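Geometric and topological summary
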Amino acid sequence: MPGAGQRDAPLSPVEAIDHLLAYLPRPSRLLVAVSGGSDSIGLLVALKQAIDQSPPYTFEIVAATIDHGLRPESAAEASSVGDFCQRLDIPHVIRRWAGVKPATGVAAAARTARYDLLCQVAAERHACVIVTGHTFDDQIETIAMRGARSGGAGGAGSTGMASSTILDRRFPLLRPFLATRRDAIRDLLRDEAISWVEDPSNIDRRSERARLRQDLPTVPVGDEAEVLRQWREAAEGRRQLSAAAADLAGDYLSLHHRVAARLDLDVLTGDQGALRLLIGALTAVIGGRVHLPPREVLTRIGQFLDIASPGRMTAGRVLFERRREALHMVREDRDLPILRVEIGETVVWDGRFRISNHSDQALDVRPTLMTSVQGGERGEGGADAAHQQPITGGLPPRIARLARRSSPMVTECHGETAVGQAAWPLPEAIAAGVTIERVLLPFDRFLPEFDWQLANSLAAVAELPSFPPSPFDVFSRKTGSAPAVALARGRRNPMLSDK
């Protein structure tokens, strides 16, 4: 952050909250995620104490508990958090993760549901930020877990969790306790005679995080400064790498209707770490993935690019085709979904397009390769050739054909009978009934502050709106008001919107 100093010493809960509030615009409404465990209860208490000492109407708290429904006690625990918030005179919302839970990958699915529900509550309550209680100890575990999985592009694993992440292009998710020890938070609660819930899943060795929590050596008191210094340097290294990758994208990348990427081969002479990060980001964007490819996939792509001759390969649902003058990337025409979009509903199709139904009937969305017109198969000279022709501009025929085939086709349906259709790019005739917008995953979903420059460079090349800036850095010590002004600019005042 410009104009901010650096500090590597651990923060007490009170210091961490003071540091957070110094970055936020005034007035602000904060949505605080509270599970009932010590970290989130300590976050709520420290925020409440600091805000009570602030001028009136400066900050306001709303607490939210996400009941995942994974344990019989979860509903009662969520209710007890509500009782605690009532004693503190803090509004509290409970949201339950409804529906059938997956048989595998429950932790990842629960995390996705949790952030979806938190964003919903933040929108309903006009919060400008979401705050969570992730601690120094959680960061130790996260870095170890990512390292065990071989990490990702550009040393992503060593950076751990970002202190500020933009969710869904809209809400800053802030983690003020990343430089605060869990024991310090619990000492604060003990001093206030406040209890918390111990989640039994935290000691269940079937969980990867629980095993690491039990097996990792504890960072001794007094050694935190060195660990924090390493984290800060890793985050700064990633920030610089992201900036270099952003420069490569600006110099060498073009996107054709946001469905096919072209990189001039001169990019191969650039910084190899930045190139690796850029290729990883583009693989996720073109493939519609929430995460960048793992290290082994990026290594395989790098080996392919090292062969100085034309060829093609697939990875991450993306076809890579190297030609004499450029590397082309396009979505493979397989495993493409078919979705029904009900009236007034919005869905994300294939992780690449957000489709909203404003019409008076349900719509079907399917890949163009599967769509027929009046019973006949679509082809190069099909009935919608004029709609699809713009995608071909400047692309080799094979890449243009794949770009068409993997693009969405929206069909208005009466039962099984197609009565009208729209391809990407949309013809004007149906634009009033449906909106198709390009999604820039992974950054549209989660944008850590150290990848902000790369995300905005890709958004600019794709002619998409820029991403909002991150308002907070746990490693910096605020000396100016620029971050708060940047957060507040262009945003309706959340404190006055319903007063």
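Residues numbered from 1 in each chain as written. Predicted model: local features only at pLDDT ≥ 70, side-chain atom pairs only at ≥ 80, totals over all residues. Heavy atoms only, no water.

Description of the pairing of strand β8 (residues 253-256)
Each regular strand shows side chains that alternate between the opposite faces of the sheet. Note the cut-off: A pair of strands is treated as paired once DSSP finds two or more bridges between them. Secondary structure is summarised from DSSP: a helix means a run of H or I of at least four residues, a strand means a run of E of at least two, and numbering begins at the N terminus for each.
Alignment of β8 against strand β9 (residues 260-264), held across four bridges, turns out to be antiparallel. Bridge pairing in β9 places L253 opposite L263. Connecting the antiparallel pair β8 and β9 is a turn made up of three residues, with H257 showing a positive phi of about 50°.

Digging into the nonpolar core
What counts here: Among the buried residues, those of types Ala, Val, Leu, Ile, Met, Phe, Trp, Tyr and Cys that are joined through side-chain atoms within 4.5 Å form a nonpolar core. Residue burial is assigned from relative accessible area. The probe radius is 1.4 Å, only protein chains are included, and a residue is buried under 20% of its type maximum, exposed over 50%, and partly exposed in between. The contact definition used throughout considers only heavy atoms, calling two residues in contact when any of these lie within 4.5 Å.
Of all hydrophobic cores here, the largest spans 44 residues; its most connected members are I17, L20, L21, L24, L30, L44 and L47. In terms of residue count, helix α2 (residues 38-52) provides more of this core than any other element does, eight residues in total. When sequence neighbours within four positions are dropped, the list of residues in contact with L20 reads L30, L47, V131, L174, P176 and F472. L241, A249, L305 and L447 belong to the second-largest nonpolar core, a separate cluster that totals 41 residues.

Some remarks on the side chain of D39
In plain terms, the rule: Counted as a polar contact is a pair of N or O atoms within 3.5 Å, where, for protein atoms, one must be capable of donating a hydrogen and the other of accepting one, and residues adjacent in sequence contribute only when both atoms are in side chains.
In this fold, D39 is placed in helix α2. The buried category is assigned to D39, whose relative accessible area is 12%. There is a polar contact of 2.9 Å between the side chain of D39 and the side chain of R182. With residues up to four places along the chain from it excluded, the contact list for D39 reads G133, T135, D138, F177, R182 and I185.

Let's talk about the pattern of salt bridges
The condition is simple: We define a salt bridge as a side-chain nitrogen of Lys or Arg found within 4 Å of a carboxyl oxygen belonging to Asp or Glu.
Taken as a whole and assessed by the stated rule, the structure comprises 32 salt bridges. For the salt bridge of D350 with R331, the shortest nitrogen-to-oxygen distance reads 2.9 Å. With D350 in the loop between β14 (346-349) and β15 (353-357) and R331 in strand β12 (residues 326-331), this residue pair connects regions lying 19 residues apart in the sequence. Neither residue differs from the other here; D350 and R331 are each classed as buried. In the salt-bridge network here, residues are joined through shared partners; they are R312, E321, R323 and R398.

Section: helix α11 (residues 295-306)
To keep things clear, this is the line we draw: Expected helix span is taken as 1.5 Å per residue step, with the number of steps being one fewer than the number of residues. Note that the arc is defined by the directions from the helix axis to the C-beta atoms.
The first and last C-alpha atoms of α11 sit 16 Å apart over twelve residues, in line with the 16 Å expected at 1.5 Å per residue. V297, L298, I301, F304 and L305 are the residues of α11 that are buried. With its buried residues spanning 115° around the axis, α11 presents them on a single face. Packed against the buried residues of α11 are α10 (272-287), β10 (311-315), β11 (318-322) and β12.

Focus on the packing of aromatic side chains
For clarity, the threshold we go by: Note on ring pairs: Phe, Tyr and Trp rings are taken, using the six-membered ring of Trp, and paired if centres are within 6.5 Å. Classes follow the plane angle, with under 30 degrees stacked, over 60 edge-to-face and the rest tilted. We call a charge positioned above a ring when the Lys NZ or Arg CZ atom is no farther than 6 Å from the ring centre and deviates by at most 35 degrees from the ring normal.
Counted under the stated rule, the structure contains three aromatic pairs. Arranged with centres 4.9 Å apart and planes meeting at 40°, the rings of F136 and W231 form a pair that is tilted. With F136 in helix α5 (residues 136-148) and W231 in helix α9 (residues 224-252), this residue pair connects regions lying 95 residues apart in the sequence. The aromatic ring of W97 is capped on one face by K101, whose charged end is 4.9 Å from the ring centroid.

Considerations on the sheet that holds β10
Where we set the bar: For helices, the fitted line uses only the C-alpha atoms of the stretch in contact; every axis is such a line through C-alpha atoms, and the angle between N-to-C directions lies from 0 to 180 degrees.
Reading across the sheet, the five strands line up as β8-β9-β12-β11-β10 and stay open at both edges, with antiparallel pairing between neighbours. Strands with a single pairing partner mark the edges of an open sheet, and in this sheet they are β8 and β10. Averaged over neighbouring strand pairs, the angle between their axes works out to 20° when direction is ignored. Alignment of β10 against β11, held across five bridges, turns out to be antiparallel. Bridging across to β11, R312 finds its partner in E321. Packed on one face of the sheet, α11 meets β10, β11 and β12 and runs near 175° to β10.

So, the pairing of β14
Of the two faces of β14, the one lined by V347 and W349 is fully buried and the one lined by T346 and V348 carries no buried residue. Examined bridge by bridge, β14 and β15 share four bridges and lie antiparallel to one another. Residue pairing across strands places W349 opposite F353, the latter belonging to β15. In this antiparallel pair of consecutive strands, β14 and β15, the connection spans three residues, and D350 shows a positive phi of 60°.

A few points about the packing of helix α1 (residues 13-23) against α2
Stated formally: Handedness of a crossing is defined here by the sense of rotation of the near helix relative to the far one, left-handed for an anticlockwise turn of less than a right angle and right-handed for a clockwise turn. In this count, Pro and Cys sit with the nonpolar residues alongside Ala, Val, Leu, Ile, Met, Phe, Trp and Tyr, while Asp, Glu, Lys and Arg are called charged and the others, Gly among them, polar.
Relative orientation of the contacting elements α1 and α2 amounts to 65°, with a least axis distance of 9 Å. α2 is crossed by α1, and the crossing has right-handed handedness. Where α1 abuts α2, its residues P13, I17, D18, L20 and L21 lie against L43, A46, L47, A50 and I51. Of the residues contributing to the contact of α1 with α2, the split by class is nine nonpolar, no polar and one charged.

Some remarks on the side chain of S38
Tracing the sequence through the fold places S38 in helix α2. Assessed through its relative accessible area of 3%, S38 is described here as buried. There is a polar contact of 3.3 Å between the side chain of S38 and the side chain of D39. Those residues in contact with S38, other than ones at most four positions away along the chain, are R182, I185, R186, L189, W196 and V197.

Here we look at the environment of V93
Tracing the backbone shows V93 in strand β4 (residues 92-96). C-alpha of V93 to C-alpha of G82: the two residues are eleven residues apart in sequence and 7.6 Å apart in space. Those residues within four positions of V93 in sequence are excluded, and the remaining contacts are V62, A63, A64, T65, V121 and R125.

Quick look at the sheet that holds strand β21 (residues 434-438)
Pairing in this open sheet of three strands is antiparallel, and the strands run β14-β15-β21 from one edge to the other. Since the sheet does not close on itself, it has two edges, and those belong to β14 and β21, each with one partner. Averaged over all pairs of adjacent strands, the angle between their axes in this sheet comes to 20°, without regard to strand direction.

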